[in-house]
Structure formats: C-alpha cells, structure tokens
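# Survey of secondary and tertiary structure
So you can see what is in the structure, the chains are spelled out below.
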Amino acid sequence: MVKLTRPPGLWLNLQHDVFYTKHNLSMRSFVLSVSKSVIVDYISSPEVAFLRGVSQRFKATKTKLIFRFLEKEETDPSTNQTYGSLLNNLTFIKTFASGILVPKGYIWPVNKDSYLESSTLVVQNAHKEGLEVFGSDFINDIPFSYNYSYDPIAEVLNFIDNDAFSVDGVLSDFPITPSAAIDCFAHIGKNASGQEKPLIISYNGASGDYPSCTDLAYTKAISDGVDVLDCNVQMTKDGTPICLSSINLMDSTKVAQTPFITFTTTIAEVQKGSGIFTFNLTWENISSLTRKLKLEHVLNLDWTLSQDQFRIQLPCIYWPLIFIAAAISNPYSTFRLSRNPAAKTAGKLVSLSDFLSIAKEANSLSGGVLIGIEHAAFLVKVGLSVTDAVLDALSKAGYDNVTTPRVMIQSTNSSVLKEFKEKKKNYELVYRVDENIRDASDATIEDIKKFATSVVISKDSIYPENKAFITSATDIVSRLKKNNLPVYVQLFDNEFISQAWDFFSDATVEINSFVTGAGIDGVITSFPQTAASYRKNRCLKYKNVPSYMSPVQPGSLMQVITSDDMPPALAPYPVLTESDVAEPPLQEVAPATPASSTNTGTTAPAPTSPNGQPRIATCIVLSNLAVLLVAVLLL
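Read on for an overview of the structure. Predicted model only: the values in this text are computed from it and were never measured.

## Quick word on the pairing of strand β8 (residues 228–235)
Consecutive side chains along a regular strand alternate between the two faces of the sheet. Across the eight residues of β8, eight count as buried, placing the element largely inside the fold. Judged by which residues are buried, β8 turns out to be covered on both faces: Val-228, Asp-230, Asn-232 and Gln-234 on one side and Leu-229, Cys-231, Val-233 and Met-235 on the other are all buried. Two elements, β8 and strand β9 (residues 241–243), share three bridges in a ladder whose sense is antiparallel. Note that in β9 the partner of Val-233 across the bridge is Cys-243. Counting the residues in the hairpin turn of β8 and β9 gives five residues, including Gly-239, whose phi is positive at 85°.

## Some words on helix α21 (residues 528–536)
Of the residues making up α21, those classed as buried are Pro-528, Thr-530, Ala-531, Ala-532, Tyr-534 and Arg-535. Against the buried residues of α21 lie α10 (176–185), β7 (199–202), α11 (215–224), α20 (507–517) and β20 (522–525).

## What to know about helix α14 (residues 352–361)
Those residues of α14 that fall on the buried side of the exposure criterion are Leu-352, Phe-355, Leu-356, Ile-358 and Ala-359. Projected onto a plane normal to the axis of α14, the buried residues spread over an arc of 160° and lie on a single side. Contacts from the buried residues of α14 go to α11, β8, β9, β12 (368–373) and α16 (386–396).

## A short note on the state of the cysteines
Using the criterion set out here, one finds two disulfides in the structure. The disulfide bridge from Cys-184 ends at Cys-539, spanning 1.9 Å between sulfur atoms. Because the sign of the S-S torsion sets the handedness, a value of about -85° for the bond joining Cys-184 and Cys-539 places this disulfide among the left-handed ones. With a gap of 355 residues between them, Cys-184 in helix α10 and Cys-539 in the loop between α21 and β21 (575–576) connect regions that are remote in the sequence.

## Notes on the pattern of salt bridges
Counted by the stated rule, this structure contains 21 salt bridges. Measuring nitrogen to oxygen at the nearest pair gives 2.6 Å for the salt bridge that ties Lys-104 to Glu-155. Taken together, the positions of Lys-104 in helix α7 (residues 104–107) and Glu-155 in helix α9 (residues 152–160) put the pair 51 residues apart, joining distant regions of the chain. Here the two residues Lys-104 and Glu-155 agree in accessibility, since each one is buried.

## Here we look at the sheet that holds strand β3 (residues 64–68)
What the six strands build is an open sheet, ordered β1-β2-β3-β4-β5-β6; its pairing is parallel. At either margin of the open sheet sits one strand with a lone partner, and together these are β1 (11–13) and β6 (169–172). Strand-to-strand twist of the sheet, defined as the mean angle between neighbouring strand axes without regard to direction, takes the value 25°. Of the pairings in the sheet, the one linking β1 to strand β2 (residues 42–45) comprises three bridges and is parallel in character. Paired with Asn-13 across the strands is Ser-44, a residue of β2.

## Some details on unusual backbone geometry
For the bond running from Gln-490 to Leu-491, omega is 5°, close enough to zero to count as cis. Checked against the element boundaries, Leu-491 lands in strand β19 (residues 487–492). The phi angle at Asp-137 is positive, at roughly 75°, despite the residue not being glycine. For Asp-137, a relative accessible area of 34% translates into the label partly exposed.

Conventions we followed
- Residues numbered from 1 in each chain as written.
- Predicted model: local features only at pLDDT ≥ 70, side-chain atom pairs only at ≥ 80, totals over all residues.
- Heavy atoms only, no water.
- Buried < 20%, exposed > 50% of the residue type's maximum accessible area, 1.4 Å probe, protein only.
- Helix = DSSP H or I, 4+ residues; strand = E, 2+ residues; numbered from the N terminus.
- Pairing = 2+ DSSP bridges.
- Contact = heavy atoms within 4.5 Å.
- Arc of directions from axis to C-beta.
- Disulfide = S-S within 2.5 Å.
- Salt bridge = Lys/Arg side-chain N within 4 Å of Asp/Glu carboxyl O.
- Axes fitted to C-alpha atoms, helices over the stretch in contact; angles between N-to-C directions.

Dropping the structure here:
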C-alpha cells in the first residue's frame, strides 16, 4: 500500500503487543521488517515495554518513537500504571520516546456541559523535557466543545495558534482540516485584511451562537466581522416593526411557556399548522426576559406547571407584565446537535428602530443592513403596512436618501420590491427565490431585473444533492451574473449535518467550494465568524492553491459509490418561470373601523378564568393598577 500510494510521510500506530505476544505473534518483528522496505517516520504505541524494546534499533534512524497516552484512568498493560500517573513522569518517557501523543482533552479539558476549561501545562511540561507533543481525536463529524461553534478549523487553531503554546502536530480523521488550519489560517492575526468576496450577510445575526434577532446575536455578528447585518421584520399588533426570524413567535421564543398560549390560532394564509403570531401581541408583550424574571421572583410563580395550571395561579392583572424570552434556534436537534446551550435564552429581542441604532453605531459594517419582508399582502388585511413601517423606521434612523451605509431590502415577493422601487430608488432590492431551482428562463431573468438588483438562491440550486451527496453543478450562478445580478446564497451553517458529504464535515471547505468553485458573490450564514475567517486565509492569495483549499469536484464522491449502494435518481429541480415571480401590486391598508380592528377572524379567543368566564374586562380595568403594584414591589 505504501509503495502504491507514496504518502509524504508514514505513521504506524501499534497496539496490543502484550496480547499478540501471548499468541506467539511479534509486533516487534513486524515493525522491524516493515522498516527495512519503507521509511517509517513515526511509530506510536500505548505500551511502554514495546517502545523500550525497539528503541535501540531505531536510535540511529530518522524514525521517531511516540508514546501514546490513552484515557487517564486506563492502564498500560506492560507497567500496570495508569496513563494519568505516567503523565506525571515525562522524564521517564523521554528515555525511550521522542514525543507523546495525547487525546486533545489532556491539553484543553472540556467540562460536563461541553465547554472548555483552562488549558493544562501538558505541552509546556513535555517541551521542557525535550518531547514533541501531538494531539489526537480531531474528528469533524462528532460534536466537540461549544466554544468552537462547530468550526473544526477553529478547534485546530486553538491548539497551534495561541499565546501560551503550540502542539507539534495533530492526528485527524479529516486531514484536510488541520492541513488548511496550519498552512492557511495560523498566525494571521485578528486585524489581518482579507479579500472582498464573499460578502458576509448574517442570518438573524450570529444565530448559531445566540438566540436569533437578539441584541447579543447582532453584537456578536458585528464582532465576528459580518459585512451586512440582517433583520427579518415582523409587525406587532400595535404597529411596531420588530426583528424576528419568524412571524410565528413559537418558532423562536418561549411564548408557549407563558399565558399567551391562549393566543394560539391557525391561519392557512400565513403557514400550515397553528401558531402565536406577532400581529396578535403588542411590542410591550413581546419584550425581554429580564423583566419576566423579576416578576417571577416577586410573585414566586411556578413556571414549570402546565399551561392551564399556570393560568389559574396567575391573577389576570399581571398579564400585561408577562414578557417572552427569546430562544436559540436548534435546527438540527433531531440529530442531538444543540447550539450554545449556556446562552439558549440570552439576549433581548429588538425593534427595527433598535436594530438600526445597533447597526449605525458599528463602524465595521462595510455592507450595511438587510431588511427582510414577508407576508406583506396578508398584513394589509389586518390593517398593518409593513412596507410603510420599514420606510418610516429607516427615515427616522437616518438611512433615508443615503448610499452609505447600504440598505438592502429582501423579499420573496416581487410586489414588495416593486413598491420599494417606486418609493426609494437608492436601496438594493434583493429577490429571494424560495424554492430549489436548476435554472431560470431568459424571460424570468429579465422580469427579475425590472424589480431587483440581486438574487438569493439556495445551496441546492447550485449543487443539487441526493442523500447528502452532490450529484452535479448547475450554471444558474453564471447565468444570473451575466445579467448583472449578484448572487447571494443561503444557508451556511457550521453543523456538519448541514453539509454534503463532499465537504468533509468542514464548513470552510463548503464555503470555499461555493466561492471559488461556483463563483457566488455572498454567503448568508448563522456563523459569520467562520466566513470572516475564511476570507482572511492566506492560501486564497497563492498562485498555486494547495489541494486542501481547492473547491470540491461536484459528483466526485458519487463516482466511488458501488452500483448496489447508489441512491435512486431524483427528479431535477424546476426551472424558475415568469409566473413564479409575477404578483399583483400590494393593496393599501384600509382605514380601521371599531368592528374590523377588533375582529379580524384571526385573533384567538380571550383567556378565561377557572370558571370559564371572560377575564378581559377585569384585566383591562386593573392593568394599570398591576403596573403600579409590581413597580412598588420591585423597589
């Protein structure tokens, strides 16, 4: 095998020498025989006796003997000492080995909650003894510490690029990752400049690290190096535009754990299934977790009760003071992959006005803001104009009639973008295609150019997948760009389960393939830090790009699947047509009347008291008294 593949180096790991010796098999004879025919660079073993037995034979050669540590509580069969105790006697290890191979947890321990603890002195102590140190267990497709935000390159860098130490090498199941980390990313510096593309657009802020659309998610995205900060606008009952990932509060908040569960309703025009919608609650209702906790402390409420029990224990006069906690998104929870659980309800939801203030104070936002608008036609029917609310907020925040910072308006509805084009000609209008496509007709592209200046498409529209294997590549990106439509792509997540097998469970490999392989202009990502780090890597400036920074070849992994294991072929995605993008203009909001403003057919029934009688009248009368009472109690 070695002569056939001709690897740049050879590392042999030999275990169970004691076991083989009992069966009259000699690992020592084997390794000595191999070393006569090929060059062995490293020989590792977790058995002291084996390495001591061959040390004299390799003393005058280039072969390095490495003592491999297993888990600290395990025992070396040749000395009957635990590996934890052997770690305290590195001077002894140095007598027969030139280096040690340790699990990465020996160097950076991880606590029971999967967060990093302080680094140990293993590397420094070993280096003092003249021992090289190699880390093991670097595997991309199993969960590792939350501190790395599912970015395997970030993990490797923490072992080779920190202020205290650097290991001499790592052993990985995915060598493409440490190869890129060492050559392309190490010792770049936080202030290093990078290439312009791709444009980095956040997805509900840094929603991979903090709850979507919260102040913490937005400030984290800014510090991570995002170019464009996004806000998906939803409307509240009192007409306040807010930033929230979904019009359904149940998708991104803990609203279902509050008395507002009674506002659950089903609106087929908005979504399939039931929800608690933003336009049925006021902005005062949809507020921060902080004040909810204060109320919980004052009233000594049991928030673990069922919803019916909770409503019974809570006097209705306090209902106006209940606030809703944001919740971090966990799109891959079915695979038991969670995002930063220590911050699962951290941060405060923000209004559009608050968001614009955050963005304007951030000098590093080179690309400006992106405002997403959906359900505009439906909101008109309930007396809310989201387009007017957005225009008003932008004007008040000083974004009116300015080109810097840039304002991007995104929607899947051409009617929304046409309305903005009529009212404001200096905004970048972004048309988001809400389905996977393989192409768009010439006439459709011409229609899009009439109301949009750029396009967002899905990853699958570029590299179609079948059972997580890339099957081919479309030319939709080049066609759109030839028509002067920049192409932004979503959604880039770091979790390995979100990526095709072709990308080796490495988010950076995926980004690089879309940027250098497909030629996209921007990435929309829940983890802006990974994209920002990618853009700075030095390998992008090399004339001869190394193989580990080259784009994957679409369909290459499919070619190695046997015919018996090949997944059934899938029907191709549709072509985007003119009828897909054509929409009637948005209607004007009708003047509200007492009947229509209180009975739209979409608001849930009023909450009731334990005896079944309506509680609304009492609550309205006493709500102001409740505010005063709790204010006094909190003093």
